[in-house]
Amino acid sequence: MRRPEPPREIPPGQYYETGFPTLTAGPTPRVDMSNWSFEIIRGNTPLAAWSWDQIMALPQEEITVDLHCVTKWSKLDSEWKGVSFDTLIAAVGDVTEEYVMISSYGGYTTNLPLDDVTGGKAWLALEFEGEPLEPNHGGPARLLIPHLYLWKSAKWVNSIKLMDEDAPGFWEASGYHMRGDPWREERYWGD
Ligand SMILES: Nc1nc2c(c(=O)[nH]1)N[C@H]1C(S)=C(S)[C@@H](COP(=O)(O)O)O[C@H]1N2
Ligand SMILES: [Mo]
């Protein structure tokens, strides 16, 4: 079968995917909604925490973005709705740390520079194509950070920890790039 041509340029080494593959290291965690929370943490101290109802009460944005997976598929024009990370981080006031670690229900982690989750570049995504996010794609809530490879878009997200120094998350500890810009093909250590 021939692959369709992308309607516009995609990052180097990527192919155009019209479906939405699911990629998870391990099983889909069961998330108990009555206990669900999202926290911003400094050291061991939660600085802010939201219940599901509190998250749903925050303003949401609709975004249409392209996704790029390090396994080389790119999906164009995916439609999401969610809370901007700017809204969440504003709740804790001044942040001096330059890095963050995102953690998920089920134990997945991924590290990012603070700059990559602020400035209108990252969302706590709650809907995909007009429907609540399905569990296999990270429901009830996932990080959406479309300008970096999709392994950074942690599914079933639970917390963001502020860090003075960068530290590797789950895939970054086993060879994946600390930042992961698809346009620079930052796939692995040394790229
Ligand atoms: N919690 C969690 N988030 C995760 C992963 C994972 O294994 N666990 N896989 C990552 C990878 S490698 C990719 S490509 C995307 C896949 O998202 P999708 O399954 O919605 O396509 O989720 C990312 N987020
Ligand atoms: Mo991935």
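Keep in mind it's a predicted model, so treat the numbers as computed, not measured.

## A look at the packing of aromatic side chains
Move 1: Applying the stated rule across the entire model yields 13 aromatic pairs.
Move 2: Geometrically, the ring pair formed by F38 and W50 is tilted, given 6.1 Å between the ring centres and 35° between the ring planes. Taken together, the residues span a long stretch of sequence, with F38 in strand β2 (residues 37-42) and W50 in strand β3 (residues 45-51) at a distance of 12 residues. Each of the two residues, F38 as well as W50, counts as buried.
Move 3: With centroids separated by 5.0 Å and ring planes inclined at 70°, the aromatic side chains of W151 and Y176 adopt a geometry described as edge-to-face. With W151 in the loop between β10 (142-144) and β11 (157-163) and Y176 in the segment after β11, this residue pair connects regions lying 25 residues apart in the sequence.
Move 4: Relative accessible area serves as the criterion here: at 17%, Y176 is assigned to the buried category.

## Here's the deal with the sheet that holds β3
Move 1: Pairing is mixed in the open sheet, where 5 strands are placed in the order β3-β2-β11-β6-β7. The open sheet has two free edges, formed respectively by β3 and β7 (109-113), since each of these has just one partner strand. With strand direction ignored, the average angle separating the axes of adjacent strands in the sheet is 20°.
Move 2: Bridge analysis of β2 against β11 gives 4 bridges, and the strand direction is parallel. When the sheet's bridge partners are listed, E39 is paired in β11 with S159.

## Details of the side chain of D66
Move 1: Along the chain, D66 falls in strand β4 (residues 61-68).
Move 2: For D66, the side chain forms a polar contact with the side chain of R8, separated by 2.8 Å.
Move 3: In this structure the side chain of D66 is engaged in a polar contact, spanning 2.9 Å, whose partner is the backbone nitrogen of D77.
Move 4: In contact with D66, other than residues within four places in its own chain, are R8, K75, L76, D77 and P146.

The rules we used
- Residues numbered from 1 in each chain as written.
- Chains lettered and ligands numbered in written order.
- Predicted model: local features only at pLDDT ≥ 70, side-chain atom pairs only at ≥ 80, totals over all residues.
- Heavy atoms only, no water.
- Phe/Tyr/Trp six-rings, centres within 6.5 Å; stacked < 30°, edge-to-face > 60°.
- Helix = DSSP H or I, 4+ residues; strand = E, 2+ residues; numbered from the N terminus.
- Buried < 20%, exposed > 50% of the residue type's maximum accessible area, 1.4 Å probe, protein only.
- Pairing = 2+ DSSP bridges.
- Axes fitted to C-alpha atoms, helices over the stretch in contact; angles between N-to-C directions.
- Polar contact = N/O pair within 3.5 Å; in protein donor to acceptor, adjacent residues only side chain to side chain.
- Contact = heavy atoms within 4.5 Å.

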